[in-house]
Amino acid sequence: MPQKKDFSEKALLVQVETTKVKRILNFDNSFAEFRELARSAGANILNEVIGKQEIASPRYFIQKGKLEEIKEEIHKNQIELVIFNHSLSPSQERNIEKYLKTRVLDRTGLILDIFAKRAFSHVGKLQVELAQLTHLSTRLVRGWTHLERQKGGIGLRGPGETQLETDRRLIGNRIKSLKKKLEKSHNQKSLNRYARKKGKNKIVALVGYTNAGKTTLFNALTGGNEYKADQLFATLDSVTRKNLSPGSRAILFTDTVGFISEIPTELVESFKTTLDDLRSADLLLHLVDINDPEKTLKQKEVMKIMKDLKIDNIPQLIVNNKVDYLSDSKLKELEIQNPEEVFISAEKKQGINFLKERIIELTNNGLFSGWVSVPHLCSAERASLYREGCVLDEVAKDHEWHLQLKVGNDLLKEYLETSQVEILFDSNTKKIEIGKRL
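Residues numbered from 1 in each chain as written. Predicted model: local features only at pLDDT ≥ 70, side-chain atom pairs only at ≥ 80, totals over all residues. Heavy atoms only, no water.

**Q** Hey, could you go over the packing of aromatic side chains for me, with residue numbers and the actual values?
**A** Going through the model one piece at a time under the given rule, you end up with two aromatic pairs. Ring geometry for F31 against F34: centres 5.8 Å apart, planes inclined by 70 degrees, an arrangement best described as edge-to-face. Taken together, the residues F31 and F34, both in helix α1 (residues 27-40) and three residues apart, mark about one turn of the helix. As far as burial versus exposure is concerned, F31 and F34 are alike and both buried. When the ring of Y60 is compared with that of Y99, the centres are 5.5 Å apart and the planes differ by 65 degrees; the resulting orientation is edge-to-face. Of this pair, Y60 sits in the loop between β2 (44-53) and α2 (64-77) while Y99 sits in helix α3 (residues 90-100), and the two are 39 residues apart along the sequence. Comparing Y60 with Y99 shows no difference in burial state: the two are buried. (Phe/Tyr/Trp six-rings, centres within 6.5 Å; stacked < 30°, edge-to-face > 60°. Helix = DSSP H or I, 4+ residues; strand = E, 2+ residues; numbered from the N terminus. Buried < 20%, exposed > 50% of the residue type's maximum accessible area, 1.4 Å probe, protein only.)

**Q** Before we move on, could you go through the side chain of T215 and cite the residues and values that matter?
**A** Summarising the element assignment, T215 is placed in helix α7 (residues 214-222). Engagement of the side chain of T215 in a polar contact is seen with the side chain of D255, the distance being 2.7 Å. (Polar contact = N/O pair within 3.5 Å; in protein donor to acceptor, adjacent residues only side chain to side chain.)

**Q** Kindly report on the sheet that holds β2, identifying the contributing residues and their values.
**A** Pairing within the open sheet is parallel, and its four strands lie in the order β2-β1-β3-β4. Every interior strand has two partners, whereas the edge strands, β2 and β4 (103-105), have only one. Going across the sheet, the axis of each strand differs from the next one's by a mean of 20 degrees, ignoring polarity. As judged from the four bridges shared by strand β1 (residues 10-18) and strand β3 (residues 81-84), these two strands associate in the parallel manner. Residue A11 lies in a different strand from β3, and its bridge partner there is L81. Sheet strands in contact with α3 are β3 and β4, and its direction is about 145 degrees off that of β4. (Pairing = 2+ DSSP bridges. Axes fitted to C-alpha atoms, helices over the stretch in contact; angles between N-to-C directions. Contact = heavy atoms within 4.5 Å.)

**Q** Explain the pattern of salt bridges to me, using residue names and the numbers behind them.
**A** Counting across every chain of the model gives 12 salt bridges. Among the salt bridges present, the one from E9 reaches R103, with a minimum N-O distance of 2.8 Å. Highlighted residues: E9 in the segment before β1 and R103 in strand β4, separated in sequence by 94 residues. Residue classification places E9 among the partly exposed positions, given a relative accessible area of 22%. (Salt bridge = Lys/Arg side-chain N within 4 Å of Asp/Glu carboxyl O.)

**Q** Just give me the short version of the pairing of strand β12 (residues 391-396), but keep the residues and values in it.
**A** Bridge count for β12 against strand β13 (residues 400-408) is five bridges, and the pairing is antiparallel. Its bridge partner being in β13, V395 is matched across the sheet by H402. Joining the antiparallel neighbours β12 and β13 is a turn of three residues.

Right under this line is the structure:
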């Protein structure tokens, strides 16, 4: 889906390393990610201020000397917005704005702004608005300090509540309304998930750090045409598409929003509908950008978030993406070192067929490769196996067909239990097993 034209604001980026608080990513990579976030929001970055200090200042987060440096840059370049790569408390944000006399945004506010721009579905917009209002409710005092207290005296008695209290009440009512609408949507999606499970569909969800290539892989697996871009949070709304993978029942793939380090609490709490799509999955494809120098740290951060969301108990397959940038020798070395992982290029569709086989194997209690016999009387079963796309070869005999299959064990088990289909040869065990039933 095409993006709306960005409205650029002259912005100054600020990141201060505190020795008492360690970041997930190292300083340089954390700032590079922050820079990409600001660009994704449409900021026109005119300058950057970085520094180090022992601990955060309770009043301004950063020290007065650094504040003065930022103030000079604001006047010099006519900066309209100062963005901090930190979570600021409401009082810190207010104090910094008052000191600098310009608009200030923290990391949480920046991510919420990007989410607001990228939400296209009705549910996605509701979830973002809920997160924004929850975040805003702690910062309402900023615009109404002159109305914080009721005035007394003749002719100055108010109507019963200040403007600040009115706004808090209205926001509280809107939050309740949003939660009610999202609960209704959540119940509907729960029914949809129940129907999928009842229909014996397997659900595979794509997870991973933002910009790892999840949507590109989603399109490669399903033949979809979802919007993809080389930017953070290109996908916000979760999307589910069916794919008839050969050798299995229909598999439903779900594309989800990417994770990021220091993800705001408001987002985690608000995106219940999206997170439930993950909780109902039979398999998680954990996508990793193999070329990212911080891939190990980002992988650990995704695992941590999955644990916080209580989805770390779902079977998981590590999928290393963007291998087309690696040399053949390096790729072979990594495949030998990590035999349980899959290496692909979603963009070039390299390794996609092998990935599909691994998905069938993990969602169907293993993958059968071998020969089965189908009596001529069971032509309907033979036709059905062909429709499933799992027949590799066929030999016609006097009273039966011999079919070479590559099929999920669960699917083959249904044929063995409900018809006269029998196993002749199992390639996995290299044994002739006439009449065997799983």
